[in-house]
Amino acid sequence: MLSTLIYRSHLSAGVSLGALAHTIEKSRINNEKIHVTGILLFDGAHFFQVLEGPDASVSAVYERICHDKRHNNLVELMRDYAPARRFGHLGMELFDLRHYEKKRVLQAVLAKGTSRFNLTYDDRVLKFIRTFVEDDNKKPFINTAHLENWDLIQLPVTPRREYDNFQPGQNCQFALQPIVDVANKKVISFEALIRSPDGGSPVEYFSTLSKDALYKADLDSKRFAFALANKMGMVDQTISVNLLPMSLVTTKNAVDILLSEIKASGLVPEQVVVEVTEDEVISRFDEFDFAIKQLRSAGIGLAIDDFGAGFAGLSLLAKFQPEKVKIDRNIICDVHKSGPKQAIVQAIITCCTLLEITVIAEGIEKLEEWLWLEAAGIRYYQGFLFARPQLNGVSPVNWPIIKDE
Ligand SMILES: Cc1cc2nc3c(=O)[nH]c(=O)nc-3n(C[C@H](O)[C@H](O)[C@H](O)COP(=O)(O)O)c2cc1C
């Protein structure tokens, strides 16, 4: 299968294009051998390369390119398949934009095209090339801080770390995971994640329940999460609980039940955030709408969870503007390397900034992901990088810090 891959990157400090001349010559020979064409553009600081050829060969070359320390911040912009080659068997062509007029570069690139038919102005590849050539600001080229300058330090979260939380009638447990404000080294909320009685996963817990019992159990379980929050003596934080949207609809007076559980646990509604997702089709939308209004007017916070996954969350956002949107872990995973994911995150940030909605990135596991998200302007995070969920308690939090010189 013929594939096309486009990436961009930053020239590493202390490296010049001249120092790469030999590599480029070698690349030409190597690419020719494996029927790959590399169209490489360089503007003095950034590279932009189109790789075209058999799928496996393109992937193998890109893998090597990714490990080349002479450039950094590699972001894959496009991976697509085409019926025919856009470029002939050129091996490698370098266009150093510093020696070209803008108009001429496009003409020169077009001249390398296999046929006019393949390189029409509607072609995404050509649009990418044109943008790289014409956009002097290179706005999407977020320059993240260097990974090697960062470390993690582990600090305990006060107050105590483990609690004996069994209440009468308790048929589930909760693990708490902090949501953190890294700039201020503060935990802003604890998400209470449901576990089975012996600490098993949510799937394990919910699999023991019939469909009819599910929503009632989901709602009832929250009192154990509130009790845990109360035991911890939360002061500046909120407790975030997940609720299936249908739990708010199928149980009569669901919000009143929640409110009385909150009160009985010694908390106030403002200390609670309800996280909902759209992953379950909300079939009784008017009742759900009413329940959300009740939650909001009682002072309970609202967050859209898993934003960007499955059912996207966009219709929930259009209908209710929550205080918080949590970007789904699948979008966050390897965001530092993916152009499409970066575009989605930037769009979410723009949208939420316009609506004064707090953005939380969840599922952060790598320092590189955090460095990119931080540079993009996100402030609140949740994920294994910072702290794993801890059954009936809170594990210490890892905070990113700049290494001492
Ligand atoms: C901007 C840039 C573009 C590159 N393009 C190619 C290429 O198209 N083909 C290639 O074989 N190597 C290319 N390289 C070189 C590879 O990164 C790597 O050094 C080379 O494939 C040798 O890999 P090896 O040392 O694992 O054998 C490029 C390097 C840079 C910095």
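Participant: Can you break down the pattern of salt bridges residue by residue, with the values?
Facilitator: All told, the structure shown has 19 salt bridges when counted by the stated rule. The closest approach of N and O atoms between arginine 28 and glutamate 93, which form a salt bridge, is 4.0 Å. A residue pair is termed long-range when its members are at least 10 positions apart, and arginine 28 in helix 1 (residues 21-33) and glutamate 93 in strand 5 (residues 92-96) qualify at 65 residues. Through salt bridges with shared partners, one network takes in Glu25, Arg28, Glu93 and Lys112.

Participant: Any chance you could break down the site of the ligand for me, citing the residues and the numbers?
Facilitator: Neighbouring the ligand are 15 residues, the closest being Ser27, Asn30, Asn31, Arg64 and Asp68. For the ligand, an oxygen atom lies 2.7 Å from a polar atom in the side chain of asparagine 30. Within the side chain of glutamine 49, an N or O atom sits 3.2 Å from an oxygen atom of the ligand. Calculation on the ligand without its partners gives an accessible area of 620 Å², and the protein chains cover 74% of this total. Contributing elements (two or more residues each) for the shell around the ligand: helix 1, strand 3 (46-54) and helix 2 (55-66).

Participant: Give a description of helix 2 that names residues and reports values.
Facilitator: For an α-helix the count is 3.6 residues per turn, leaving residues at separations of three or four pointing the same way. With 12 residues, helix 2 extends 16 Å between its outermost C-alpha atoms, agreeing within 8% with the 16 Å of an ideal straight helix rising 1.5 Å per residue. Residues of helix 2 that are buried include every one of Ser57, Val58, Val61, Tyr62 and Ile65, and no others. For helix 2, the arc enclosing every buried residue in end-on projection is 130°, short of the 170-degree limit, so these residues lie on one face. Of the surrounding elements, those touching the buried residues of helix 2 are strand 1 (2-11), helix 1, strand 3 and strand 4 (71-81).

Participant: Got a sec to walk through the packing of aromatic side chains? Specific residues and values, please.
Facilitator: What the rule picks out here adds up to 11 aromatic pairs. Centre to centre, the rings of tryptophan 150 and tryptophan 370 are 5.2 Å apart; their planes meet at 75°, and the pair counts as edge-to-face. With tryptophan 150 in strand 6 (residues 150-155) and tryptophan 370 in helix 13 (residues 367-376), this residue pair connects regions lying 220 residues apart in the sequence. Tryptophan 150 sits in the buried class, given a relative accessible area of 17%. Residue classification places tryptophan 370 among the buried residues on the basis of a relative accessible area of 2%. Plain terms: the ring middles of tryptophan 370 and tyrosine 381 are 6.3 Å apart, the flat faces sit at 70° to each other, and that makes the pair edge-to-face. Taken together, the positions of tryptophan 370 in helix 13 and tyrosine 381 in strand 14 (residues 380-382) put the pair 11 residues apart, joining distant regions of the chain. If you follow arginine 388 out to its NZ or CZ, it ends over the ring of phenylalanine 384, 4.0 Å from the centre.

Participant: Can you tell me about the sheet that holds strand 1, naming the residues and giving the values?
Facilitator: Read from one edge to the other, the open sheet built from 5 strands follows the order 4-1-3-2-5, with strand pairing classed as mixed. Each edge of the open sheet is held by one strand with a lone partner, namely strand 4 and strand 5. Strand-to-strand twist across the sheet, computed as the mean angle between neighbouring axes with direction ignored, equals 15°. As judged from the 5 bridges shared by strand 2 (residues 37-42) and strand 5, these two strands associate in the parallel manner. Following the sheet pairing, leucine 40 is matched in strand 5 by leucine 94. Here helix 4 (residues 124-134) sits on the sheet in contact with strand 1, strand 2, strand 3 and strand 4, set at roughly 165° to strand 3. Set on the sheet, helix 12 (residues 339-354) makes contact with strand 1 and strand 4; between it and strand 4 the angle comes to about 100°.

Participant: Explain the domain arrangement of the chain to me, and be specific about the residues and the numbers.
Facilitator: Taken domain by domain, the chain comprises domain 1 (2-134) and domain 2 (148-402). On a C-alpha basis, the centroid separation for the pair domain 1 and domain 2 is 42 Å. Counting from both sides, the interface comprises 5 residues of domain 1 and, opposite them, 6 residues of domain 2. Our count for the contact surface shared by domain 1 and domain 2 stands at 0 salt bridges. Here domain 1 is connected to domain 2 by 2 residue pairs in polar contact (both at pLDDT 80 or more). With 4 residues, the single largest contributor to the side of domain 1 that touches domain 2 is strand 4. Classifying every residue of the side of domain 1 that touches domain 2 by side-chain character gives 3 nonpolar, no polar and 2 charged.

Participant: With reference to specific residues and values, describe the nonpolar core.
Facilitator: Counting residues in hydrophobic clusters, the biggest one holds 77 residues, and the most contacted among them are Ile239, Leu248, Trp370, Leu373 and Tyr381. The biggest single contributor to this core is helix 6 (residues 211-232), with 10 residues. Those residues in contact with leucine 248 that sit more than four places away from it in its chain are Leu243, Ala254, Val255, Leu258, Phe288, Ala291, Ile292 and Leu295. Counting residues in each nonpolar core, the second largest holds 21 residues, with Val75, Val109, Leu126 and Phe132 among its members.

What counts and what doesn't
- Residues numbered from 1 in each chain as written.
- Predicted model: local features only at pLDDT ≥ 70, side-chain atom pairs only at ≥ 80, totals over all residues.
- Heavy atoms only, no water.
- Salt bridge = Lys/Arg side-chain N within 4 Å of Asp/Glu carboxyl O.
- Helix = DSSP H or I, 4+ residues; strand = E, 2+ residues; numbered from the N terminus.
- Near = heavy atom within 4 Å.
- Polar contact = N/O pair within 3.5 Å; in protein donor to acceptor, adjacent residues only side chain to side chain.
- Areas by Shrake-Rupley, 256 points an atom, 1.4 Å probe, with all protein chains shown as cover.
- Expected span 1.5 Å × (residues − 1).
- Buried < 20%, exposed > 50% of the residue type's maximum accessible area, 1.4 Å probe, protein only.
- Arc of directions from axis to C-beta.
- Contact = heavy atoms within 4.5 Å.
- Phe/Tyr/Trp six-rings, centres within 6.5 Å; stacked < 30°, edge-to-face > 60°.
- Lys NZ or Arg CZ within 6 Å of the ring centre and 35° of its normal.
- Pairing = 2+ DSSP bridges.
- Axes fitted to C-alpha atoms, helices over the stretch in contact; angles between N-to-C directions.
- Domains from an automatic or database assignment.
- Nonpolar A, V, L, I, M, F, W, Y, C, P; charged D, E, K, R; others polar.
- Core = buried A, V, L, I, M, F, W, Y, C linked by side-chain atoms within 4.5 Å.

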